[in-house]
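Structural features, examined
Given next are the chains, with one letter for each unit.
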Amino acid sequence: MEPINIMINGMPGKVASKMAQIAIADKRFNVIPFSLTGQEIENKTQIIDSTSFELVKPDTRDKRIQEIKSFFASFIAIDYTHPSAVIKNAFFYTQNLIPFVMGTTGGDREKLEQLVSNSSTMAVIAPNMAKQIVGFQAMMEYAANTFPNLFKGYTLSVVESHQKGKADTSGTAKAMVDCFNKLGTDFDQKQIQMVRDPETQEKDWKIPKEYLAGHGWHTYTLKAKDGSALFEFKHNINGRDIYAKGTFDAVLFLKEKLARPGNPKKLYTMIDVLNSVSGQALNTC
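Owing to the predicted nature of the structure, the values given are computational and were not obtained by experimental measurement.

1. Quick word on the pairing of strand β12 (residues 230–238)
- Two elements, strand β11 (residues 215–223) and β12, share nine bridges in a ladder whose sense is antiparallel. Bridge pairing in β12 links K223 to L230.
- As consecutive antiparallel partners, β11 and β12 are separated by six residues, and within that stretch G227 has a phi angle of approximately 80 degrees, a positive value.

2. Structural notes on the layout of surface pockets
- Space inside the largest pocket adds up to approximately 1100 Å³.
- Lining the largest pocket are 46 residues; nearest its centre among them are V15, Y80, T81, H82 and P83.
- Elements that contribute at least two residues to the lining of the largest pocket include exactly α1 (14–24), α3 (86–95), α6 (171–182) and β11.
- Ranked by residue count, the leading element in the lining of the largest pocket is α1, at three residues.
- Its boundaries defined by the atoms lining it, the second largest pocket holds a volume of some 660 Å³.
- Taken together, 29 residues make up the lining of the second largest pocket; nearest its centre are E113, P127, Q137, E141 and A175.
- Looking at the lining of the second largest pocket, the element that brings in the most residues is α6, giving five residues.

3. Some thoughts on the pairing of β11
- Burial analysis of β11 places eight of its nine residues in the buried class, the great majority of the element.
- Bridge analysis of strand β9 (residues 155–162) against β11 gives eight bridges, and the strand direction is antiparallel. The residue bridging V158 from the neighbouring strand is Y220, located in β11.

4. Notes on the sheet that holds strand β10 (residues 193–195)
- Taken together, four strands build an open sheet; the order of strands is β10-β9-β11-β12 and the sheet is mixed. Looking at strand neighbours, the two that pair on one side only are β10 and β12, the edges of this open sheet. The average undirected angle you get between the axes of adjacent strands in this sheet is 10 degrees.
- Bridge count for β9 against β10 is three bridges, and the pairing is parallel. Paired with S161 across the bridge in β10 is V195.
- Those strands touched by α6 are β9, β11 and β12, and its axis lies near 20 degrees from that of β11.

5. Some points on α1
- Along α1, the residues that are buried comprise A16, S17, M19, A20 and A23. Each buried residue of α1 sits inside an arc of 160 degrees when the element is viewed along its axis, so together they form one side.
- Here the buried face of α1 lies against β1 (4–9), β2 (29–31), β4 (45–48), β5 (51–56) and α8 (241–258).

6. Looking at the sheet that holds β4
- Read across the sheet, three strands follow the order β3-β5-β4 without closing on themselves; strand pairing throughout is mixed. Only two strands of the sheet have a single partner each, and these edge strands are β3 (34–36) and β4. Neighbour-to-neighbour, the strand axes of the sheet open up by a mean angle of 30 degrees, direction not taken into account.
- Summarising the sheet, β3 and β5 pair through three bridges and their orientation is parallel. Its bridge partner lying in β5, S35 is registered against L55.

Cut-offs and rules
- Residues numbered from 1 in each chain as written.
- Predicted model: local features only at pLDDT ≥ 70, side-chain atom pairs only at ≥ 80, totals over all residues.
- Heavy atoms only, no water.
- Pairing = 2+ DSSP bridges.
- Helix = DSSP H or I, 4+ residues; strand = E, 2+ residues; numbered from the N terminus.
- 1 Å grid on protein atoms, 1.4 Å probe; cavity = no way out; pocket = protein on both sides within 12 Å on 5 of 7 lines; lining within 4 Å.
- Points joined across faces, edges and corners; volume = space filled by probe spheres on them.
- Buried < 20%, exposed > 50% of the residue type's maximum accessible area, 1.4 Å probe, protein only.
- Axes fitted to C-alpha atoms, helices over the stretch in contact; angles between N-to-C directions.
- Contact = heavy atoms within 4.5 Å.
- Arc of directions from axis to C-beta.

In short, the description is geometric, and any link to function would need to be established separately.
Here it is in structure tokens:
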């Protein structure tokens, strides 16, 4: 198989840089040496292993992208930038007909989805790219649709811990709250507790020190009003490899869809990616 051209945006951010490092060593991909970045970034380049990436800022990217497309006729963008850039980046991709995988969380998700659905550009968008977590979420979505109000009268608490640099509340936690509310709880997403202090994470949460700069730990606790029953769900991820694997599966999925001309559907999720692997239909909330 000819390597797929991919453009990993968000460098010199840690997630985008890690994605690039893994992708460079993966023969399925050709990582093109450019990365969209924020206007505030002072560096002009970022070196990953032996590859030098040009960092393209918003004030030059409209012109630069045409030059990049003259070098690489087709490529898929992978977005791990900043929550504040989600809509602007998606608009940029759709305007320039660049298919993309959006791993960045935050932003107006409804507006994001509408933007892609109304465009001529395909995209995979998900609040979490880890397939195992997406599968767990799908199970909870199935329960929410099949057994509504199962936990009616129960109180819910949600605590999530991520690296200090993560600016927004976990998109996965927000999606899970939607499911729990369909199961009968009354919980506002604003009540999600965010932990970003490395000292607290290491001392109280017992997160290994080497993963303080890159982790995602979530705990969802349901309690009966009289205290007679308690249910707790957890998913704790150390490092970023699991997200890279899911992201690259999304790229392969998108490449397959792009190879089928005339496909009217533009917006896909990680559930679609899982379905393509398992061949089994999964319900969604």
